[in-house]
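Remarks on the overall topology
Next come the chains, spelled out residue by residue.
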Amino acid sequence: MTRKLRCNAIVLGVTVALALTGCSGSDTPSDSSANSKGLEKTSIKVGALPIPDAVSLYIANAKGFFKDEGLTVTPVTITGGAAALPQVKSGALDISQTNYVSTFLAASQGEKIKLVGDAYQAGPNTFNIMIPKDSPIKTVADLKGKTVLVNNLHNVATLAVATQLKVAGLKETDVKFAEKPFPEMGQAIMSGQADAGWITEPFITANQSANGFRKLVDTMTGQTENLSIAGWMATEEWSAKYPKTLAAFQRAISKAQQLASSDRKQIETMLPTYTKIDAKTASVITLGTYPSELNANRLQKVADLMLEYGYLKSALDVKSVIAAPSSS
């Protein structure tokens, strides 16, 4: 073989080898290092509210829990679970924080949605109806005919307020509910757009400090004491398509939940990174609890309360909404 032919053969061999390498690469996911863990999808977008309920998402990112599972998680700010549902259905979000009232209502209307993780359970003074310091409103009964701000309509906010209205001899229809994101409620009330707001931390403390707001009532008392508030949701289709990705998310978020429940300092450190509060405020706000596992008995209490107040037309077994444990 001549030198020229040998060179051509070498070039051809290299070209073929490169081509084969390229073909081989096209059969594997682009982020191959993460997919060495077998995940079907390694980058996901997760909806979250800028409130303490979602802190485990940010803890898991900061501590590398998602990274350890081969996941890259991008938080996306939402206004509430009801508002996030269309984004989850469209694929704009892979997973989202949700409140259980919105989730069970959607499920009862035929939405193929699944709860994939727990996030937050209420404690005393974590969800209060707040009013300006000079408001003539003195009792819950005085809310009749007044406008109350909530983050989303027909969700845990309106249900919680309804339970307090009932104690005061009023019905949900005796007040006017209007939507406003939590960070905007204080200014909206101060400018006269509403008379009161259903406000959670850190905005309870922030509005007390900045605007002198006072508590009218703690809505997590009586029927709603220790109520399960928020969790993480995905569609049935997404959960079935990406079971290993879901399992990885669940492991990381559960680990972060356990850390949040055992070390308040972790929460205090993280809150200023995704909410508009400083470290001093974060150190004094009132917090609920962070369960690391979905508990059907606790969640059933929410569905039963919804049935009692007319949010559901028929009884709902919450086990049908909880995603089956992954074997991945």
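To keep things clear, this report deals only with the structure shown in the data block. Small disclaimer: the values here were computed from a predicted structure and weren't measured. (Residues numbered from 1 in each chain as written. Predicted model: local features only at pLDDT ≥ 70, side-chain atom pairs only at ≥ 80, totals over all residues. Heavy atoms only, no water.)

For the rest of this paragraph, the subject is the overall build of the chain. Counting secondary structure elements, the chain contains 14 helices and ten strands. Per-residue burial for the chain yields a buried fraction of 51% across its 328 residues. Sequence-distant contacts, at least 24 apart, represent 79% of the contacts inside the chain between residues at least 6 apart. Surface summary for the chain: the accessible area is close to 15100 Å², and the carbon and sulfur share equals 53%. (Helix = DSSP H or I, 4+ residues; strand = E, 2+ residues; numbered from the N terminus. Buried < 20%, exposed > 50% of the residue type's maximum accessible area, 1.4 Å probe, protein only. Contact = heavy atoms within 4.5 Å. Areas by Shrake-Rupley, 256 points an atom, 1.4 Å probe, with all protein chains shown as cover.)

A few words now on the environment of Ala 256. Mapped onto the elements, Ala 256 comes out in helix 11 (residues 243-262). On the basis of relative accessibility, which here comes to 0%, the residue Ala 256 falls in the buried class. Beyond its immediate sequence surroundings of up to four residues, Ala 256 is in contact with Ser 56, Ile 59, Ala 60 and Phe 65.

So, about the packing of helix 3 (residues 55-62) against helix 11. In the contact formed by helix 3 and helix 11, the axes pass within 8 Å of each other and the chain directions differ by 105°. Between helix 3 and helix 11, the angle falls in the class roughly perpendicular. Listed contacts from helix 11 to Val 55, Ser 56, Leu 57, Ile 59 and Ala 60 of helix 3 are Phe 249, Ala 252, Ile 253, Ala 256, Gln 257, Leu 259 and Ala 260. Broken down by class, the residue content of the contact of helix 3 with helix 11 amounts to ten nonpolar, two polar and no charged. (Axes fitted to C-alpha atoms, helices over the stretch in contact; angles between N-to-C directions. Parallel < 35°, antiparallel > 145°, perpendicular 65-115°, else oblique. Nonpolar A, V, L, I, M, F, W, Y, C, P; charged D, E, K, R; others polar.)

With that settled, the discussion passes to the packing of aromatic side chains. Under the counting rule described, the total for this entry stands at ten aromatic pairs. Seen in terms of ring centroids, Phe 66 and Phe 249 are 5.7 Å apart; in terms of plane orientation they differ by 15°. Their pairing is stacked. Of this pair, Phe 66 sits in helix 4 (residues 65-68) while Phe 249 sits in helix 11, and the two are 183 residues apart along the sequence. With respect to burial, Phe 66 and Phe 249 carry one shared label: buried. Ring pairs connect the aromatic residues Tyr 120, Phe 127, Phe 182, Trp 198, Phe 203 and Tyr 290, which therefore count as one cluster. (Phe/Tyr/Trp six-rings, centres within 6.5 Å; stacked < 30°, edge-to-face > 60°.)

Within the structure shown, the criterion is met by eight salt bridges. Lys 166 is the partner of Glu 308 in a salt bridge, and the nearest nitrogen-oxygen pair spans 2.9 Å. Taken as a pair, Glu 308 in helix 14 (residues 296-308) and Lys 166 in helix 7 (residues 156-167) lie far apart in primary sequence, 142 residues in all. Lys 166 sits in the partly exposed class, given a relative accessible area of 46%. The partner of Arg 264 in a salt bridge is Glu 268, and the shortest N-O contact between them spans 2.6 Å. Remark: Glu 268 and Arg 264 occur in helix 12 (residues 264-274); sequence separation between them is four residues, near one turn of the helix. Here the residues in one salt-bridge network are Arg 264, Lys 265 and Glu 268, joined through shared partners. (Salt bridge = Lys/Arg side-chain N within 4 Å of Asp/Glu carboxyl O.)

Here we take up the pairing of strand 8 (residues 196-200). Across the five residues of strand 8, five count as buried, placing the element largely inside the fold. Side chains of strand 8 alternate between two faces, with Ala 196, Trp 198 and Thr 200 and Gly 197 and Ile 199 buried alike. With four bridges connecting them, strand 5 (residues 127-131) and strand 8 associate as antiparallel partners. Its bridge partner being in strand 8, Met 130 is matched across the sheet by Gly 197. Sheet analysis places strand 6 (residues 147-150) next to strand 8, joined by two bridges and oriented parallel. Opposite Val 148, over in strand 8, you have Ala 196 as the bridge partner. (Pairing = 2+ DSSP bridges.)

So, about the sheet that holds strand 7 (residues 176-179). With respect to topology, five strands assemble into an open sheet ordered 7-6-8-5-9, the strand pairing being mixed. Lying at the two open borders of the sheet, with one neighbouring strand each, are strand 7 and strand 9 (214-218). Pairs of neighbouring strands in the sheet enclose a mean axial angle of 35°, with direction left out of account. The pairing of strand 6 with strand 7 spans four bridges and is classified as parallel. Within the sheet, the bridge partner assigned to Leu 149 lies in strand 7 and is Ala 178. Packed on one face of the sheet, helix 7 meets strand 5, strand 6, strand 7, strand 8 and strand 9 and runs near 115° to strand 8.

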